[in-house]
Amino acid sequence: MKKVLITAGRVYTPHQTIEEGAVLIEGEKIKAVGEVKELPPEIKEGAEEIEAREDIVAPGFIDLHIHGGGGAEVMDSTPEALEKLALFLARHGTTGFLPTILAAPPLKMLKAIEAALSALERGIRGAKVLGLNLEGPFLNPRQRGAQREDGLRLPDAGLLRELITCGKGFIKIMTLAPELKGALKLIELLARESITPAAGHTEASFKEIEEAAQRGLKHITHTFNAMRGLHHREPGAAGAALTLDTLSAELIADGVHVHPAIMKLMLKAKGEEKIALITDAMRAAGLPEGEYDLGGQKVRVRGGEARLADGTLAGSLLTLEKAVKNMIQRIGLTPNEALSLATTTPASIINLSQHKGRLAPGFDADLIILNPNWEVKLTMIKGEIIYHT
Ligand SMILES: [Zn+2]
């Protein structure tokens, strides 16, 4: 089996910091992690060496909520588009992701699911598809954000079963609005199918989220966006995200979707174990300013923001590379904390924490090398170098 030894100025596992660290990879797995001087010489015998003495090694990022980037979008519904997106993500340090399907008429959603599955079957280059995320169609029209109105549906167990069957066990997260009539039954159905039920694009009151949590709701989609604001007499879904410990919460850390002060509030309230950085990125992420398409709607990209003609935010232009850098440089998190939000925590939300999201013996060799300014220089997925500068 092929052996690779990476030596780095600093290794973040991410919970531990190892100065003058080394990671030994054997085949697709991590064999050992530790200080360079502590690794027994026989263990690294015959290993090809990658020297990154000025740099940082960390686990690869995991993006639970992403629609597009690098010119491609999940709703393009072709394996080629998904591969283009996966390669774009790998260039920015993401090693695993959940292609996220927007609300659309049922046939379109089914087509998007099928395209993602056929890409999985045939195997695409770039970041690994870890499952699928369905953002809709059972969303509240009053909080639809940039979701298309003609894609929204009232809770319908028959349609949900059809989507689940089509997903063949790969659907990991589904966002719905718990206050819609019949939604609680769907939350129970999702929980039984081991799909994480998430609340988003919702008008739910605090009490409605509390009830939904008792029925199996586990997660809050892009917290503070597409839900009512935090009010001291009606905390709503955002207040529930902050205070209910059983809920994990997504955060779009681009500095546009959520004010830095509110990011700090979220971190104080929940800690890094319950917050996952997501990008919610669209096609134009990584591309120049201009006009683009989001699931059939025109989006204008300017000054780091993507908006519909009426000014509604339409996804982000973020990469997790930038999000982690923002959390360190603008919010003041330690690298260990910031990296956890994009690695260990998302892995545990989709029950992959036994083999992804950390640098430890036996874990998948999904890792990145970053320069001291937190820019990705190399991405390795299952022991294979997918990208390097
Ligand atoms: Zn989204």
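Everything numeric in this text was worked out from a predicted model, so none of it was measured. (Residues numbered from 1 in each chain as written. Predicted model: local features only at pLDDT ≥ 70, side-chain atom pairs only at ≥ 80, totals over all residues. Heavy atoms only, no water.)

Draft legend 1. Examining the overall build of the protein chain more closely. Check the secondary structure of the protein chain and you find 10 helices and 21 strands. Seen along its three principal axes, the alpha-carbon backbone of the protein chain occupies a region of about 65 × 45 × 45 Å. Relative to its full complement of 389 residues, the protein chain shows a buried share of 60%. Expressed as a percentage of contacts within the protein chain between residues at least 6 apart in sequence, the contacts between residues at least 24 apart total 67%. Accessible area of the protein chain: about 15,700 Å², with a carbon and sulfur share of 49%. (Helix = DSSP H or I, 4+ residues; strand = E, 2+ residues; numbered from the N terminus. Buried < 20%, exposed > 50% of the residue type's maximum accessible area, 1.4 Å probe, protein only. Contact = heavy atoms within 4.5 Å. Areas by Shrake-Rupley, 256 points an atom, 1.4 Å probe, with all protein chains shown as cover.)

Draft legend 2. Representation of the pattern of salt bridges within the structure. Within this structure, the stated rule accounts for 22 salt bridges. Where K37 meets E35, a salt bridge forms, and the shortest distance between an N and an O atom there is 2.7 Å. A relative accessible area of 71% places K37 in the exposed class. Residue E35 is classed as partly exposed on the basis of its relative accessible area of 26%. When the shortest N-O distance is used, the salt bridge between E73 and R283 registers 3.7 Å. (Salt bridge = Lys/Arg side-chain N within 4 Å of Asp/Glu carboxyl O.)

Draft legend 3. Spatial organisation of the coordination of the zinc ion. Protein coordination at the zinc ion comes from H65 (NE2), H67 (NE2), E135 (OE) and D280 (OD), with a distance range of 2.0 to 2.2 Å. Read from N- to C-terminus, the donor residues coordinating the zinc ion fall into the pattern H-x1-H-x67-E-x144-D. Remark: D280 occurs in the loop between strand 15 (275-278) and strand 16 (290-294) and H67 occurs in the loop between strand 5 (61-66) and strand 6 (68-69); sequence separation between them is 213 residues. The burial state of H67 is the same as that of D280; both residues are buried. (Donors = N, O, S within 2.8 Å, 3.2 Å for Na, K, Ca; no water.)

Draft legend 4. Summary view of the domain arrangement of the protein chain. Here the protein chain is partitioned into domain 1 (3-59 + 358-388) and domain 2 (61-349). Relative to domain 2, the C-alpha centre of domain 1 lies at a distance of 30 Å. Taken together, the contact between domain 1 and domain 2 spans 20 residues of the former and 20 residues of the latter. For the domain 1 and domain 2 pair, buried surface summed over both sides reaches about 1,700 Å², with 66% attributable to carbon and sulfur atoms. Scanning the region where domain 1 abuts domain 2 turns up one salt bridge. The partner of K325 in a salt bridge is E375, with the nearest N and O atoms 3.5 Å apart. (Domains from an automatic or database assignment. Buried area = accessible area lost by both parts, 1.4 Å probe.)

Draft legend 5. Inspection of the UniProt feature "binding site: substrate" (unreviewed entry) in the protein chain at higher detail. Per the UniProt record, the feature "binding site: substrate" (unreviewed entry) sits at A146, N225, A226, R233, H257, L313, A314 and G315. A maximum C-alpha distance of 29.3 Å shows the annotated residues, which cover 170 residues in sequence, to be distributed over more than one spot. Positionally, H257 belongs in the loop between strand 14 (248-252) and helix 7 (260-270). Since its relative accessible area comes to 12%, H257 is described here as buried. Leave out the neighbours within four places in its chain, and H257 touches N225, I252, L313, G315 and S316. Structurally, G315 can be placed in the loop between strand 18 (305-307) and helix 8 (320-329). Excluding anything up to four places from it in sequence, G315 contacts H257, D280, M282 and A306. (UniProt positions renumbered as here; feature names shortened; annotations may be inferred.)

Draft legend 6. Fine view of helix 3 (residues 157-167). Residues L159, L160, L163, I164, C166 and G167 constitute the buried set of helix 3. Down the axis of helix 3, the buried set is contained in an arc of 165°. They therefore lie on one face. For helix 3, the secondary structure elements touched by its buried residues are helix 2 (106-122), strand 10 (132-135), strand 11 (171-176) and helix 4 (183-192). For helix 3, the N-terminal cap is D156; the gap from its side-chain oxygen to the backbone nitrogen of G158 is 2.9 Å. One or two positions beyond helix 3, positive phi appears at K168, with a value near 45°. (Arc of directions from axis to C-beta. Polar contact = N/O pair within 3.5 Å; in protein donor to acceptor, adjacent residues only side chain to side chain.)

Draft legend 7. Geometry of the nonpolar core. Ranked by internal contacts, the top residues of the largest apolar core, which has 112 residues, are L64, I209, L251, L277 and M327. With seven residues, the single largest contributor to this core is helix 2. One finds I6, V11, V23 and I25 within the second-largest nonpolar core, a separate group that totals 19 residues. (Core = buried A, V, L, I, M, F, W, Y, C linked by side-chain atoms within 4.5 Å.)

Draft legend 8. Quick peek at unusual backbone geometry. The residue after T13, namely P14, is reached through a cis peptide bond having omega 15°. In this structure, P14 sits in the loop between strand 1 (3-12) and strand 2 (17-26). Residue P137 follows G136 across a cis peptide bond; omega there is 15°. Following the sequence through the fold, P137 ends up in the loop between strand 10 and helix 3. Phi angles above zero are rare outside glycine, and S194 is one such case at about 60°. Mapped onto the secondary structure, S194 falls in the loop between helix 4 and strand 12 (196-199). In this structure S194 comes out as exposed when scored by relative accessible area, which is 61%. Even without being glycine, K382 reaches a positive phi, approximately 45°. Take K382: it is sitting in the loop between strand 20 (376-381) and strand 21 (384-388). On the basis of relative accessible area, K382 is assigned to the partly exposed category, the value being 29%.

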